[in-house]
Amino acid sequence: MNNTQSSQIEAEHTFTFKSQGDDSPDILYAREKIALLIANQNYEREDIKSLNSPHNDVKLLKEQMEKMGFKVFAFFDLRYNEVMEALEKICRKLDAWMYVLLYYSGHGFQHQNVDYIMPVDASFPIQCDACISVDHITYKLQKTKSKVFVFFDCCRVNYESDKVVGPSSTSHANQYIGYANLYKILSCSASNPAYERISDTCSVFNRALRKAFEERKSVQQLGFDVTKDMQDNGQTKNGKEFQRPVIMQQLGSSEITLHEDIMKEISTTVRI
């Protein structure tokens, strides 16, 4: 692998510890928190434009994730097989008592209402089977029954039909699982681009996300804060509306945060 640097189901697997006193709030814990960060910046083909900020997006987010107690695996400029290998290895580490966060910064697109990320060896015209669908990524992560938090910082533009080769009949593009263990933010709305902000050496979404991570808050509030920050400070282009993120939540509890403590040996009753 190229590592240039290096329902119901969810609710059943939440550790909840009751603090002393009947009126004390429940405290949620994770046995371990893992982050997979992927930055695809330097694309191999001249007809696919390389980007400016993904490497720095991941470096900045890596520092923040580590401060929040995450064990971070950061990868840069991954080809298709390397993305799939990284995903497979991370999934093998996960179980129902863990939190996993995935952040991707790089090129992406939408085809027939399916979102894809683009590895650095993507071809042009774009072949869907040579890219990885967002649905496939979330499906693989959700199957582990961990709490899954995914953030895709990429465009969702629809290319003209002559620029895209659609998925084959054996494609896994539309995989879906109904577990209530997913929180997802797409950095822009359907059919729209995502922007870099060169003056900040990071993307518009990355800046808003890192700012929202600075304080402990529920994931529900996190989404509100990211949207508000992008509305107030998001880059506009040619008079178009600011970049608007799309939030999808399938979590059993809206009180979950990414700042949860790592579970230690505690002599209190565990409700599972």
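Residues numbered from 1 in each chain as written. Predicted model: local features only at pLDDT ≥ 70, side-chain atom pairs only at ≥ 80, totals over all residues. Heavy atoms only, no water.

## So, the overall build of the chain
The following threshold applies: Only DSSP runs of H or I reaching four residues or more are called helices, and only runs of E reaching two or more are called strands; each is numbered from the N terminus. Buried, partly exposed and exposed residues are distinguished by accessible area as a fraction of the type maximum, computed with a 1.4 Å probe on protein chains only: under 20%, between the cut-offs, and over 50%, respectively. All accessible areas in this document rest on Shrake-Rupley with a 1.4 Å probe, and a residue is counted as covered only by the protein chains that are shown.
Regarding its fold elements, the chain presents six helices and 17 strands. For the chain, buried positions account for 51% of its 272 residues. Only carbon and sulfur atoms are counted for the fraction: they give 44% of the accessible area of the chain, which is about 13000 Å².

## Side note on the sheet that holds strand β3 (residues 32–39)
For clarity, the cut-off: Two strands form a pair only when DSSP identifies at least two bridges running between them. Every axis in this analysis is a line fitted to C-alpha atoms, fitted for helices over the stretch in contact. Angles between the N-to-C directions lie between 0 and 180 degrees.
Strand order across the open sheet formed by six strands is β4-β3-β5-β10-β12-β15, with mixed pairing between neighbours. The open sheet has two edge strands, β4 (71–76) and β15 (246–251), and neither has a second partner. On average, adjacent strands in this sheet sit at an angle of 10° to one another, irrespective of strand direction. The pairing of strand β12 (residues 181–186) with β15 spans six bridges and is antiparallel. Paired with Tyr183 across the strands is Gln249, a residue of β15.

## Observations regarding the state of the cysteines
Going by this rule: Disulfide assignment relies on a single distance test, namely cysteine sulfur atoms paired within 2.5 Å.
Tallied over the full model, the rule gives zero disulfides. Of all cysteine sulfurs, the one in Cys155 lies closest to Cys188, which takes part in no disulfide; the gap is 6.0 Å.

## Considering the sheet that holds strand β9 (residues 132–133)
Pairing is antiparallel across the open sheet formed by three strands, whose spatial order is β6-β7-β9. Sheet topology places β6 (108–111) and β9 at the edges, where each strand pairs with a single neighbour. Where β6 and strand β7 (residues 114–117) come together, four bridges link them in antiparallel fashion. Pairing of His111 across the sheet is with Val114, part of β7.

## Let's talk about the packing of aromatic side chains
Quick note on the threshold: Centre distance within 6.5 Å is the pairing criterion for rings of Phe, Tyr and Trp, where only the six-membered ring of Trp is used; planes under 30 degrees apart are then read as stacked, over 60 as edge-to-face, and the remainder as tilted.
In the structure shown here, the tally under the stated rule is five aromatic pairs. Judged by centre distance (5.0 Å) and plane angle (10°), the ring pair of Phe109 and Tyr116 falls under stacked. Here the aromatic cluster, defined as three or more aromatic residues joined through ring pairs, consists of Phe109, Tyr116 and Tyr159.

## Considering the nonpolar core
We apply this condition: Nonpolar cores are built from buried Ala, Val, Leu, Ile, Met, Phe, Trp, Tyr and Cys residues. Side-chain atoms within 4.5 Å join them into one set. Residues count as neighbours in contact if any of their non-hydrogen atoms are within 4.5 Å of one another.
Ranked by internal contacts, the top residues of the largest apolar core, which has 41 residues, are Ile117, Leu141 and Phe152. Only β3, β4, α3 (80–93), β5 (98–105), β7, α4 (134–143), β10 (147–153) and β12 provide two or more residues apiece to this core. Ranked by residue count, the leading element in this core is α3, at five residues. When near neighbours in sequence (up to four residues on either side) are disregarded, Phe152 contacts Leu102, Tyr104, Ile117, Val134, Ile137, Thr138, Lys184, Ile185, Leu186 and Ser187. In terms of nonpolar packing, the next biggest core, distinct from the first, is built from 33 residues, Ala30, Leu37, Val219 and Ile256 among them.

## Thoughts on the environment of Tyr104
Counted only if it meets this: Polar contact is the term for a pair of N or O atoms within 3.5 Å; when the atoms are in protein, one must be able to donate a hydrogen and the other to accept it, and sequence-neighboring residues count only if both atoms are side-chain atoms.
Its place among the elements puts Tyr104 in strand β5. Remark: the alpha-carbon pair of Tyr104 and Ile117, spanning 13 residues in sequence, is separated by 8.2 Å. Within polar-contact distance, the side chain of Tyr104 engages the backbone oxygen of His107 at 2.7 Å.

## Side note on the confidence of the model for the chain
The test is simple: The quantity called pLDDT is the predictor's confidence in a given residue, expressed from 0 to 100.
Across the chain, the average pLDDT comes to 84, with 82% of residues at or above 70. Across residues 2–27, confidence stays below pLDDT 50; counting only partners more than four residues off in sequence or on other chains, it has 62 contacts. Every residue in residues 265–272 scores below 50 in pLDDT, and together they form 15 contacts with partners more than four places removed in sequence or on other chains.

## Details of unusual backbone geometry
Cis geometry is found at the peptide bond from Phe124 to Pro125, where omega equals 0°. Phi is positive for Gln112, which is not a glycine, with a value near 50°. With respect to the helices and strands, Gln112 occurs in the loop between β6 and β7. A positive phi is found at Asn113, a non-glycine position, where the angle reads about 65°. Residue placement: Asn113 occurs in the loop between β6 and β7.

## Side note on the packing of α3 against α4
Basically, it comes down to this: Angle categories are assigned with fixed cut-offs, so that under 35 degrees is roughly parallel, over 145 is roughly antiparallel, 65 to 115 is roughly perpendicular, and the rest are oblique. Handedness of a helix crossing follows the sense of rotation of the near helix relative to the far helix, less than a right angle counterclockwise being left-handed and clockwise being right-handed. Polarity classes work like this: nonpolar for Ala, Val, Leu, Ile, Met, Phe, Trp, Tyr, Cys and Pro, charged for Asp, Glu, Lys and Arg, and polar for all others, with Gly in that last group.
Where α3 meets α4, the axes come as close as 9 Å, and the angle between the chain directions of the two elements is 20°. By the criterion of interaxial angle, the relationship of α3 to α4 is roughly parallel. Judged by the twist between their axes, the crossing of α3 over α4 is right-handed. Contacts between α3 and α4 pair Met84, Leu87, Glu88 and Cys91 from the former with His136, Ile137, Lys140 and Leu141 from the latter. Residue composition of the contact of α3 with α4, by class: five nonpolar, one polar and two charged.

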